[in-house]
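Each chain is listed here by its residues.
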Amino acid sequence: DAAPSAAANAHGYGAAVPPGGLVVYQGGKEVCRLKPDGSTGNESAAAQSTANVLQVAPTDAEALLEQRVEPDYPSDARLKKIQGIVVLSIRVGADGSVEDIHYVYGPPALATAAAKAVKKWRYKPQSVNGTPVEMQTRVALQFRLHQ
């Protein structure tokens, strides 16, 4: 086995991944390690529930979006001329529905409208080695007033 690199250890990441394997990190912590055959080596129910969350880059997740609902611009934010980008962290269920939403940053006056819209979004369901998985990603919604 290859030894972990100094950079990997400096960031708290574990041993090197074997060719064909996959390691998923969340918040800097390893949440899943798949061997090349798709097994984790620890197939308990608790390990499976953690392993079934796939981290997806925002640009990749956007390509998986099947139904997008645009947010309603809050009237009080419109009157106060509040605009900007709201970023949300979302968890998508194995069926493609948005199940969990967390506000990351952006104008707070626009956050509720953004979350209400994103809750109605639908993604193409994902699977790893034939097993349906949940997906974690971030989305950004632009609120812009037209002059």
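Above this text you will find the structure in question.
Procedures and definitions
- Residues numbered from 1 in each chain as written.
- Predicted model: local features only at pLDDT ≥ 70, side-chain atom pairs only at ≥ 80, totals over all residues.
- Heavy atoms only, no water.
- Helix = DSSP H or I, 4+ residues; strand = E, 2+ residues; numbered from the N terminus.
- Phe/Tyr/Trp six-rings, centres within 6.5 Å; stacked < 30°, edge-to-face > 60°.
- Buried < 20%, exposed > 50% of the residue type's maximum accessible area, 1.4 Å probe, protein only.

So, on to unusual backbone geometry. One non-glycine residue, K81, adopts positive backbone phi at about 60°. Structurally, the position occupied by K81 is in the loop between α4 (75-79) and β5 (84-92). Phi is positive for N129, close to 55°, though the residue is something other than glycine. Along the polypeptide, N129 turns up in the loop between β8 (126-128) and β9 (131-143).

Bringing the packing of aromatic side chains into the picture now. Applying the stated rule across the entire model yields one aromatic pair. Judged by centre distance (5.4 Å) and plane angle (85°), the rings of Y73 and F143 are edge-to-face. On the criterion of sequence distance, the pair formed by Y73 in the loop between β4 (65-67) and α4 and F143 in strand β9 is long-range, its members being 70 residues apart. The buried category is assigned to F143, whose relative accessible area is 3%.

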